[in-house]
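For reference, the chains in residue letters:
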Amino acid sequence: MYKACIFDMDGTLLNTLHSIAWIGNTALHKFGLPPIETDAYKLLVGNGADTLMRRMLRTVGAKFSDAQLTEFRAEYDRLYESDPLRLVTPYPGIPELLRELKGRGFRLGVLSNKPDNMTRILAESFYAGLFDAIRGQVPGIPKKPDPTAALGIAKGFSIPPREILYIGDSGVDMLTGKNAGMDSCGVLWGFRDRKELEENGAVFTVGSASELLETVMSR
């Protein structure tokens, strides 16, 4: 049976779409660039902040030098760090799901390509005391779908990867689980669709927190 679950953050545990869009569009405005539709951010996020910056600028047709890109990233980070909880909400049933799993003795982790400081602030603000491991993007550790960070969490839990369910909302997440030797479960309430999840190796897909609990407990 599964003994642990590792969760993605954006689009899985928390609806951060409006938050990311507000921060991104505010940064674009400060550089004299047009905004991006909120829903478009669903396809821009997922591969780390640097990739998000490049995708945003490509979307609005801007060409930045490396130095300008660094300035743009710094402005994005400044805006994010000034109000990281702005427009962020938990998905329905997720707080109850995490408490139920915790009460049943599961080890719980978060693994995100979001910067580590922001990942920790969000996890601890909305789900204080529920996670045994929280990891975001840090220098020297490859981003998902590389399995290094997921395997590091498994090692910290002293639980074999085959006994851990990796849960996320994107193809990157499904590949992370697959690359780490973990079953992966795609959630359908996030930023990507069933087709992407299944094409990237989802073992399960679920449409609600209650269905996710059933999936975790069914093995």
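Look up a bit, the structure's there.
All values reported here derive from a predicted model rather than from experimental measurement. (Residues numbered from 1 in each chain as written. Predicted model: local features only at pLDDT ≥ 70, side-chain atom pairs only at ≥ 80, totals over all residues. Heavy atoms only, no water.)

Next up on the list: the environment of glutamate 81. Secondary-structure assignment places glutamate 81 in helix α3 (residues 66–82). When its relative accessible area of 46% is taken as the criterion, glutamate 81 is described as partly exposed. When the C-alpha atoms of glutamate 81 and asparagine 117 are compared, they prove to be 8.8 Å apart, with 36 residues separating the residues in sequence. If we skip the residues at most four places from it in the chain, glutamate 81 touches Asn117 and Met118. (Helix = DSSP H or I, 4+ residues; strand = E, 2+ residues; numbered from the N terminus. Buried < 20%, exposed > 50% of the residue type's maximum accessible area, 1.4 Å probe, protein only. Contact = heavy atoms within 4.5 Å.)

For any two helices packed against each other, one specifies the inter-axial angle together with the distance between the axes. Relative orientation of the contacting elements helix α4 (residues 94–103) and helix α9 (residues 209–218) amounts to 20 degrees, with a least axis distance of 9 Å. Classified by the angle between their axes, α4 and α9 sit roughly parallel to one another. Handedness of the crossing formed by α4 with α9: right-handed. Between α4 and α9, the contacting residues are Ile94, Leu97, Glu100 and Leu101 on the first element and Ala209, Leu212, Leu213 and Val216 on the second. (Axes fitted to C-alpha atoms, helices over the stretch in contact; angles between N-to-C directions. Parallel < 35°, antiparallel > 145°, perpendicular 65-115°, else oblique. Left-handed = near helix turned anticlockwise from the far one by under 90°.)

This brings us to the packing of helix α1 (residues 17–30) against α3. Put simply, α1 and α3 touch, their axes get as near as 9 Å, and they point 135 degrees apart. The orientation of α1 relative to α3 falls into the category oblique. Handedness of the α1/α3 crossing: right-handed. Counting all contacts with α1, which are made through Ile20, Ile23, Gly24, Thr26, Ala27, Leu28 and Lys30, the residues of α3 involved are Phe72, Glu75, Tyr76, Arg78, Leu79 and Tyr80. Its residues placed into classes, the contact of α1 with α3 shows eight nonpolar, two polar and three charged. (Nonpolar A, V, L, I, M, F, W, Y, C, P; charged D, E, K, R; others polar.)

To continue, consider the pattern of salt bridges. As enumerated under the stated definition, the model contains 15 salt bridges in all. Aspartate 8 serves as the salt-bridge partner of lysine 144, at 3.0 Å between the closest nitrogen and oxygen. Separated by 136 residues along the polypeptide, lysine 144 in the loop between β5 (133–137) and α6 (148–157) and aspartate 8 in the loop between β1 (4–7) and β2 (14–15) bring together distant segments of the chain. Taking relative accessible area as the criterion, aspartate 8 reaches 5% and is therefore assigned buried. Between glutamate 196 and arginine 192 there is a salt bridge whose closest N-O contact spans 3.0 Å. Look at the salt bridges and you will find they share partners, linking Asp8, Lys144 and Asp173 into a network. (Salt bridge = Lys/Arg side-chain N within 4 Å of Asp/Glu carboxyl O.)

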